[in-house]
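# Structural overview for review
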Amino acid sequence: MGLKKVLLFCLFSAACCCKAQEYDYNYSFFSNSAMPDDYFFSATDNELSMIFNRNFRLLVNKKTAHTPGNALQLSYINAKGGRWNASVFHQQKRGMDHFKKANFLSFWAYNATADSTIKDLPLIQLMKTDSSLTETVRVPVTEANSWKQVLIPATSFKGLDVNNPAGIIAVVFSQQHDRNSKKQTIYIDDIEFVPEKTAAKITAIPSIAKATGYAMHVDISWSIPSDRNIKLIKIYRSVDGTNFIPVGIQQPYINRYADFTGETNRKYYYKINFLNSNYEESDFSPVTEASTRQLTDDELMTMVQEASFRYYWDGAENKSGLAKENISGRQNMIATGASGFGIMALLVGTEKKFITRLDAVNRFITIVNFLEKAQTFHGAFPHFINATNGKVEPFFGENDNGADLVETSFLMQGLLAARQYFTGNDAQEKLIREKITTIWKRIEWDWFKQTPDSKFLYWHWSPDKAWVINHTLIGWNETMVTYLLAIASPTHGVPASMYYSGWANQDATGQNYRSAWGQTKDGSMYTNGNTYGGVKLDVGVSNGGPIFFTHYSYMGYDPHLITDIYTNYFRNNQRIAKINYNYCVQNPKKYRGYGKDCWGLTACDGPFDYSADEPNERQDHGKIAPTGAISSFPYLPEEAMAALKNYYFNYGSFLWGEYGFKDAFDITNNWCSEIYMGLNQAPMAVMIENHRNGFLWKLLGKDPDVKAGMDRLQLETDKMRNNRVR
Ligand code: CA
C-alpha cells in the first residue's frame, strides 16, 4: 500500500468515526423477503445432495414465520459424498451504512422435519467481502415445531471483526455429515448480527392513532415511541375482532404501516405491540377497526398523492423538516433536491387538506429557519446536508464537498412556489416569504459560470477543490430548471443568451457531451428530429432518455409555456413519454410485466444497482419504477391511470407500503425494492395535481422573478428566431 493510499485510508476511517451521530442499524441478512416464492438475496448450490430451491435461490415460506410475513425455508436431502450450500446475502441499502456491533450472530430456527428429529444439521459459516469463508459452526436445532433463537458469539467465527459487520457479506448454510439422509426442513428467520444477547423488557404500551381503509389496504398510524429499546412494532389483524394474526412488522422510526389485504369492502380489526431486541412482545394496544371500500379513479389518484406526501411529512428529517435521500437510509442527512420536490408535495398536501394550513405554516417556518442558517457556497446548497450541524455532507465523495447548483435549483423551484402559496398577511406567512426571498437572492448563479465569458453553467463547486468535478450543464436533460432560475435571478442572474449558448449548445462541447452519455449521435445537436416508433422527437438525446427528464424541471415550470426555437416542451415531453410507453409495450428484451399498464423507464433502485434506465436495449434493465408512469399523468393520463391501477391492484401486496409505491420492482428477477426515494415519491403527488388543475404550474408561474426570467428568455428566443429568418 503506497503512502497516498494509507493516508486516504486513515482520512476515510477518521471520517467514519466522526459520523457516529448517524442512526445505527442492526447488520441484517434476512428479516422478510419482499417477494413470495424465493429470496432474491440468496443463492443455492448442490452436488449429489439436494437443497430445495427456486431459480437457485432459497424458498420463502409465508405460513411459518418468526416475524410476519415470511421466513426462509431450508429443505435438504443429504447424500454420501455429496454437498449442498445456501448463502443468504446482506442487502446493501443506500445510506444504511452505520451498524451496531456484531458481538453475536443471531437467527431464529424452526425444526419442521416430519419425524421431528433432525440428526443431520447444517453447518454455518460467514462469507467475507473477498468471498473467503470463516470456519464452521454447527446449527444447534433439536426441538421440533417451535421457534428457537440461535445465538452464536462472534468469537466462534475467526476473522469476523465485531466493529465492522460490513466485512461479512453472507451467512452460508451447508451439509455437515457425509451420509445419506431423509428430507429435513428448517425454517430460518431474522438473521442478523446483534450487539448483546439480553434485552430490556418493554413496558410502554402502544396505541393506534388512526386506521383508514382504502381500496385494498388499511393504513394504520401511531406515535413514534421514545424508548430506544424498542426494536420493532408488530401489527396484528383480525376479521372478526377476536382471532388476530400477525401480519407485519415496522421499524421503530416509522409511524405507520400499510396492510395490503387484497380485499375491498371488508372490515378489519387491528392491534399492535412493541418488540424488544429478543422479539419479546409488550402488551397490546387497544383494538381499532377500519373497512376497505371501493374508490373512484380520482380517489385512487388522491390515495397515491397522500401516501407519497407522507414521505415528506411524517418521514421528514426531524430537525429541518426536509427530505431524506431514501427511507430507510441515513436518518440525519438531508437531500437538497428531494427536499425541493418534497416542498411541492407539502403544498399539494395542504391544498388537498391532508394537513391543515396551520400545520403547513409551522413546518415551513422550521424549513426556512433551517435553510437560512445551513451552510451554502456562494449561496448555493450542497447536494446533502448534515441535519445535526447544517453543514455539507459529502455523501457522494470528498470532491462533492461544496455547492451543487442543480440540487439547489430543485430546492429553489419548490421554495419559490411556496413563496406564492403563503400569501397571508400574518407575521408567520410573511416570515416564510421573506426568508425564501433571502435564500433566493443570495444564490450567486453567475459564480457557477466558472469564467465571466463562459457559455455554460457548472454543476459543482468545492471550497478547497474549486471546479474539480468540472461538469458542464448541457441539455437536454433534467437541468433545464437550473438555467431557467439562473436567468430569473434578480440579484446574481445570468444572461438569457446562456439558454442557447450553454443549455442548448450546438458546438463541439455540447455535441461531445451528449454523444458521450447517450452513446449515440441522436440528439447530439440538442435537436433530434428522428422518429422513434412513429413518434417524432424534436429535442432530446438518444430516444429521449429516462422519463424523469420530463418531470424534474416541470413540476413547477409549466412546460406548456416553454417554447424555444426548437420545440414546445409540453409537446416534446409528451412525445418522450409516448416513446417510453411504446418501448415498454413492445418490450424487445422480453421482461416480465412490461406492457400497456407497466411502463416508464427512469432512474431508480434496482436488484443489482441504482441506474437511470431508458427506453433502449442498452439502458433497459428490466426494472420499473412506479414514479415513471404515474408522474407522467399530464402527458399520458390514460396510460398513467392504467399503470397506477395495475401497480396497486395487481402488485400492491409487495409494491404498496406506508409511503405509497416502493421505489421499483423487477418481476423477471422476482425483486422489489424495500426503499422509497426522495426524488421519486414527490413527483407523483405533484404531477397528478398539475394534471388535474395545474396547481404547482400556476403557483410558480405567478412568481414575479420567474415571470421576468421567462420574459427575458422569450426576448432571446424572438431574437434567435429573427436571426434564423434572416
Ligand atoms: Ca420474517
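Everything numeric in this text was worked out from a predicted model, so none of it was measured.

## Side note on the packing of aromatic side chains
What the rule picks out here adds up to 58 aromatic pairs. With 5.9 Å between their ring centres and 25° between their planes, Tyr27 and Phe193 make a pair best called stacked. Residue Tyr27 is located in the loop between helix H1 (3-18) and strand E1 (28-30), and its partner Phe193 is located in strand E13 (residues 184-194); the two are separated by 166 residues in the primary sequence. Each member of the pair, Tyr27 together with Phe193, is buried. Each residue in the set Phe260, Tyr647, Tyr648, Phe649, Tyr651, Phe654, Trp656, Phe661 and Phe665 is aromatic and connected to the rest through ring pairs, giving one cluster. When the ring centre of Phe244 is taken as reference, the NZ or CZ atom of Lys271 above it lies at 4.5 Å.

## Let's talk about the pairing of strand E18 (residues 256-260)
Of all 5 residues making up E18, 5 are buried, and the element is well covered by its neighbours. Burial of the side chains of E18 extends over both faces: Arg256, Ala258 and Phe260 are buried on one face and Tyr257 and Asp259 on the other.

## Structural notes on the domain arrangement of the protein chain
When the domains of the protein chain are assigned, the result is domain 1 (3-8 + 21-194), domain 2 (208-294) and domain 3 (305-505). With centres defined by C-alpha atoms, the gap from domain 2 to domain 3 works out at 36 Å. Interface area for domain 2 against domain 3, summed over the two sides, is near 470 Å², with a carbon-plus-sulfur share of 40%. Put simply, domain 2 and domain 3 have 1 salt bridge between them. Asp314 is the salt-bridge partner of Arg256, the closest N and O atoms lying 2.7 Å from each other. Tallied by class, the residues present in the side of domain 2 that touches domain 3 amount to 3 nonpolar, 1 polar and 1 charged.

## Description of the sheet that holds strand E23 (residues 384-386)
Strand order across the open sheet formed by 3 strands is E22-E23-E24, with antiparallel pairing between neighbours. Two strands lie at the open edges of the sheet, namely strand E22 (333-335) and strand E24 (391-392), each paired on one side alone. Bridge analysis of E23 against E24 gives 2 bridges, and the strand direction is antiparallel. Residue pairing for E24: Ile385 is matched across the bridge by Val392.

## What to know about the coordination of the calcium ion
Looking at the metal site, the calcium ion is ligated by Ser31 (O), Asn32 (OD1), Thr67 (O), Thr67 (OG1), Asn70 (O), Asp189 (OD) and Asp189 (OD), spaced 2.3 to 2.6 Å from it. Sequence spacing among the residues donating to the calcium ion works out to S-N-x34-T-x2-N-x118-D. Separated by 122 residues along the polypeptide, Thr67 in the loop between strand E5 (57-61) and strand E6 (71-77) and Asp189 in strand E13 bring together distant segments of the chain. The exposure classification of Thr67 matches that of Asp189, with both residues buried.

## Comments concerning the nonpolar core
Ranked by size, the top nonpolar core spans 206 residues in total, and within it Leu105, Phe107, Phe173, Ile191 and Tyr647 carry the most contacts. Considering each element in turn, this core owes the most residues, 10 residues, to helix H5 (residues 405-421). Residues contacting Ile191, with those up to four places away along its chain left out, are Ser28, Phe29, Phe30, Leu72, Val88, Leu105, Ser106, Phe107, Val171 and Phe173. Ile220, Trp222, Tyr268 and Ile272 belong to the second largest nonpolar core, which has 16 residues in total.

## Here we look at the pairing of E13
Burial runs high along E13: 11 of the 11 residues are buried. Across 2 bridges, the pairing between E1 and E13 is antiparallel. Each bridged residue has a counterpart across the sheet, and for Phe30 the counterpart in E13 is Ile191. Bridge count between E6 and E13: 5 bridges; the pairing is antiparallel. Considered in E13, the bridge of Ser75 is made with Thr185.

## Here's the deal with the environment of Tyr214
Within the secondary structure, Tyr214 is located in the loop between strand E14 (210-213) and strand E15 (217-221). Accessibility expressed as a relative area gives 14% for Tyr214, which makes it buried. Taking the C-alpha atoms as reference points, Tyr214 and Tyr458, 244 residues apart in sequence, are found 46 Å from one another. Contacts of Tyr214, omitting those with residues within four sequence positions, involve Asp219, Thr292, Arg293, Leu295, Met303, Glu306 and Tyr648. At 3.4 Å, the side chain of Tyr214 and the side chain of Glu306 are in polar contact.

## Some details on the packing of helix H3 (residues 336-351) against helix H15 (residues 695-702)
The contact between H3 and H15 brings their axes to 11 Å, and the two run at 115°. As judged from the angle between their axes, H3 and H15 are roughly perpendicular. Along this stretch, H3 crosses H15, giving a crossing that reads as right-handed. Residues Met344, Leu347, Val348 and Glu351 of H3 form the contact with H15, whose own contacting residues are Phe695, Leu696 and Leu699. Looking at the contact of H3 with H15 residue by residue, the classes come out as 6 nonpolar, no polar and 1 charged.

## Comments concerning the pattern of salt bridges
For the structure on display, the rule yields 36 salt bridges. We note a salt bridge from Arg54 to Asp38, for which the minimum N-O separation is 2.4 Å. Placement of Arg54 in strand E4 (residues 53-54) and of Asp38 in the loop between E1 and strand E2 (42-47) is noted, with a sequence separation of 16 residues between them. Classification of Asp38 by relative accessible area gives buried; the value is 0%.

Criteria and cut-off values
- Residues numbered from 1 in each chain as written.
- Predicted model: local features only at pLDDT ≥ 70, side-chain atom pairs only at ≥ 80, totals over all residues.
- Heavy atoms only, no water.
- Phe/Tyr/Trp six-rings, centres within 6.5 Å; stacked < 30°, edge-to-face > 60°.
- Helix = DSSP H or I, 4+ residues; strand = E, 2+ residues; numbered from the N terminus.
- Buried < 20%, exposed > 50% of the residue type's maximum accessible area, 1.4 Å probe, protein only.
- Lys NZ or Arg CZ within 6 Å of the ring centre and 35° of its normal.
- Domains from an automatic or database assignment.
- Buried area = accessible area lost by both parts, 1.4 Å probe.
- Salt bridge = Lys/Arg side-chain N within 4 Å of Asp/Glu carboxyl O.
- Nonpolar A, V, L, I, M, F, W, Y, C, P; charged D, E, K, R; others polar.
- Pairing = 2+ DSSP bridges.
- Donors = N, O, S within 2.8 Å, 3.2 Å for Na, K, Ca; no water.
- Core = buried A, V, L, I, M, F, W, Y, C linked by side-chain atoms within 4.5 Å.
- Contact = heavy atoms within 4.5 Å.
- Polar contact = N/O pair within 3.5 Å; in protein donor to acceptor, adjacent residues only side chain to side chain.
- Axes fitted to C-alpha atoms, helices over the stretch in contact; angles between N-to-C directions.
- Parallel < 35°, antiparallel > 145°, perpendicular 65-115°, else oblique.
- Left-handed = near helix turned anticlockwise from the far one by under 90°.

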